[in-house]
Amino acid sequence: MTMAGALLTPFMANAAKAEYKWKMVTTWPKNFPGLGTGANELAKLINDMSDGRIEVKVYGAKELVGALEVFDAVSRGTAELGHSAAYYWKGKVPAGQFFTSVPFGLTAQEMNGWIFTGGGLELWHEVYEPFGIVPMPGGNTGVQMGGWFNKRIDSLADVKGLKMRIPGLGGEVLKRAGGTPVLLPGSEIFPALQSGTIDATEWVGPYNDLAFGLNKAAKYYYYPGWHEPGSSMEILINKKALEGLPENLQSIVLNATKIANADMLADFTTRNHAALGQLMSKGDIELLPFPKDVLAELKVLSEQVVEEEAQKDEMSKKVYASYKAYRDQVIKWHDISEKAYLNARSPE
Ligand code: CA
């Protein structure tokens, strides 16, 4: 080996033999903890597992396309890959919402069960087929936080007139409760909350909320995230680009998404509790549970909203039927397993 050869880093050696140069557009700020770093990990996995034959360059929000233009960019082939969440496209693909999170719906563990072995993934592929996109789950945040509020929520009446950043079905429930949901990409949340353009926001959980400094813009930090009990991110793959790969590389791309999917939940699980400790040590934050009757009322509204949304088009109806059947069954099992155990471990 020549000296120059010995000095080549593995990445440079790989870059020289890239046969496929792919772009990945993301909804997240570049390198954003958990979400952006999850997208980076996927790119690295594909590069490493393909021994450099596929090189993936990751773009943060607005670097190539806007945060909420990821779906269209992958659909038209501007980028071969995307990293986002399906509920951002609810105006265009309403059935997609069920693959992110449903208020009072499945947890992360249950979402993975439904998607991978309960029929969810086949349906998701069918939903995105007309757009030339192959979707895969792209990580899960676990149960999110209820959000940051500039006033206490003591009853459902306190939600009336509340302008809150909250996407997807959760936003529709807020509207039903008399609030005004606003859809903002992550990077725009802090200035909106600080300037009073919005009164409240949800984002993800301590790990991500601390990264945006949301604790500096509102005082009351509520739990649990009833609206996002286990949000699945998504990896969008341009179908033509995927099918243009030799079969072994197709398998590498698809299997790399599964590793990235599992790793993100581990990352959030580990870092959320550490970040919560950091947030609380900063003082001047009130960590509060939503009152039980508020949650009970939100649950009733959620059931109405979700049932109605699910009837809006044929595909939503079909996806929701599968989701609901799975949920009804898994609740019975988890009541006597996960829930019973968690209650035994930390009795009230
Ligand atoms: Ca959220």
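Please refer to the structure higher up on the page.
Scope of this entry: the structure provided in the associated data block. Since the structure is predicted, the reported quantities are computational estimates derived from the model, not experimental observations.

### A look at the overall build of the protein chain
Scanning the protein chain from N- to C-terminus turns up 14 helices and 11 strands. Reported as C-alpha extents along the three principal axes, the dimensions of the protein chain are approximately 70 × 45 × 40 Å. Within the protein chain, buried positions represent 52% of all 348 residues. Across the protein chain, every contact between residues at least 6 apart in sequence was considered, and the portion connecting residues at least 24 apart equals 78%. Split by element, the accessible area of the protein chain, about 15300 Å² in all, is 56% carbon and sulfur. Averaged over its 35 positive side-chain charges, the protein chain has a centre that lies 3 Å from the centre of its 40 negative ones.

### Some details on the sheet that holds strand β8 (residues 200-201)
Spatial strand order, β7-β6-β8-β5-β9-β11: six strands in an open sheet with mixed pairing. One side of each edge strand has no neighbouring strand; the edge strands of this open sheet are β7 (180-182) and β11 (286-289). Direction of pairing for strand β5 (residues 147-149) relative to β8: antiparallel, over a ladder of two bridges. Counterpart to F149 in the pairing with β8 is A200.

### Section: the packing of aromatic side chains
Inspection of the entire model under this criterion finds 22 aromatic pairs. With 4.5 Å between their ring centres and 35° between their planes, F32 and F212 make a pair best called tilted. Separated by 180 residues along the polypeptide, F32 in the loop between β1 (20-26) and α3 (35-49) and F212 in helix α9 (residues 206-212) bring together distant segments of the chain. F212 gets classed as buried once you look at its relative accessible area, which sits at 17%. In this structure, K57 is placed above the aromatic ring of Y59, and the distance from its NZ or CZ to the ring centre is 5.1 Å.

### Re the coordination of the calcium ion
Binding of the calcium ion to the protein goes through Q144 (OE1), E202 (OE), E202 (OE), W203 (O) and E228 (OE), at separations of 2.1 to 2.8 Å. When the donor residues of the calcium ion are listed from N- to C-terminus, their spacing reads Q-x57-E-W-x24-E. With Q144 in the loop between β4 (133-140) and β5 and W203 in the loop between β8 and α9, this residue pair connects regions lying 59 residues apart in the sequence.

### With respect to the pattern of salt bridges
In total, this model carries 19 salt bridges according to the counting rule given. The closest approach of N and O atoms between D267 and R271, which form a salt bridge, is 2.6 Å. Of the two residues, D267 and R271 are both situated in helix α11 (residues 247-281); the distance of four residues between them amounts to about one turn of the helix. Looking at D267, the relative accessible area reads 18%, which means it is buried. Under the relative-accessibility criterion, R271 is labelled partly exposed at 44%. Here K299 and E303 are joined by a salt bridge, their closest N and O atoms 3.9 Å apart. Placement of both K299 and E303 in helix α12 (residues 292-310) is noted, with a separation of four residues, approximately one turn of the helix. Since its relative accessible area comes to 40%, K299 is described here as partly exposed. Look at the salt bridges and you will find they share partners, linking R152, D154, K219 and E286 into a network.

### Examining empty space enclosed by the protein
Under the definition given, this model contains three cavities of 30 Å³ or more. Of the volumes computed, that of the largest cavity is approximately 90 Å³. The wall of the largest cavity is formed by 13 residues, among which F149, V159, L174, W226 and L298 lie closest to the centre. Along the lines of polarity and charge, the residues of the lining of the largest cavity split into 11 nonpolar, two polar and no charged. Considered as a void within the structure, the second largest cavity measures approximately 60 Å³ in volume. Taken together, the residues of the lining of the second largest cavity break down into eight nonpolar, one polar and two charged.

### Observations concerning the sheet that holds strand β3 (residues 81-84)
Taken in spatial order, the five strands of this open sheet run β2-β1-β3-β10-β4, and their pairing is mixed. On the outer flanks of this sheet lie β2 (54-59) and β4, each paired with one strand and no other. Recorded for the sheet is a direction-independent mean angle of 25° between the axes of neighbouring strands. Across the sheet, helix α5 (residues 108-117) lies against β4 and β10 (232-238), angled at about 155° from β4, the strand it touches most. This element, α11, spans β1, β2, β3, β4 and β10 of the sheet and lies at about 25° to β4.

Definitions and cut-offs
Within any chain, residue numbers begin from 1 and follow the written order of that chain's sequence. Owing to the predicted nature of the model, reporting of local features is limited to residues with pLDDT of at least 70; listing and counting of side-chain atom pairs is limited to 80 or more, with chain, interface and lining totals taken over all residues. Only hydrogens and water are removed before side-chain values are computed, so all heavy atoms of the structure are retained for them. For the purposes of this entry, the term helix denotes a DSSP run of H or I that reaches at least four residues, the term strand denotes a run of E that reaches at least two, and both are numbered from the N terminus. Only protein chains enter the accessibility calculation, which uses a 1.4 Å probe; a residue is then buried when its area is under 20% of its type maximum, exposed when over 50%, and partly exposed in between. Any two residues whose heavy atoms approach within 4.5 Å at even a single point are treated as in contact. Accessible surface is estimated by sampling points in the Shrake-Rupley manner with a 1.4 Å probe; for residues, cover comes only from the protein chains shown. All tallies of charge rest on Lys and Arg as positive and Asp and Glu as negative; His and the ends of each chain are not included. Note on charges: their place is set at NZ of Lys, CZ of Arg, CG of Asp or CD of Glu. Paired strands, as defined in this entry, are two strands with at least two bridges between them according to DSSP. Aromatic contacts are taken between Phe, Tyr and Trp rings whose centres are within 6.5 Å, Trp giving its six-membered ring; a plane angle under 30 degrees counts as stacked, one over 60 as edge-to-face, and the others as tilted. For a lysine, the NZ atom is tested; for an arginine, the CZ atom; a charge sits over a ring if that atom is within 6 Å of the ring centre and within 35 degrees of the ring normal. Each metal site is built from N, O and S donor atoms within 2.8 Å (3.2 Å for Na, K and Ca), and since water is not included, such sites may look incomplete. One speaks of a salt bridge when a side-chain nitrogen belonging to Lys or Arg is within 4 Å of a carboxyl oxygen belonging to Asp or Glu. Buriedness for pockets is judged along seven lines, at least five of which must meet protein on both sides within 12 Å for an open set on the 1 Å grid over protein atoms alone, while cavities are sets there where a 1.4 Å probe fits but cannot get out, and lining residues have an atom within 4 Å of a point. Grid points are joined across faces, edges and corners, and a volume is the space filled by probe spheres set on the points. When residues are sorted by character, Ala, Val, Leu, Ile, Met, Phe, Trp, Tyr, Cys and Pro go into the nonpolar class, Asp, Glu, Lys and Arg into the charged class, and all the rest, Gly among them, into the polar class. Axis angles are defined between N-to-C directions and span 0 to 180 degrees, where every axis is a line fitted to C-alpha atoms and, for a helix, only to the segment in contact.

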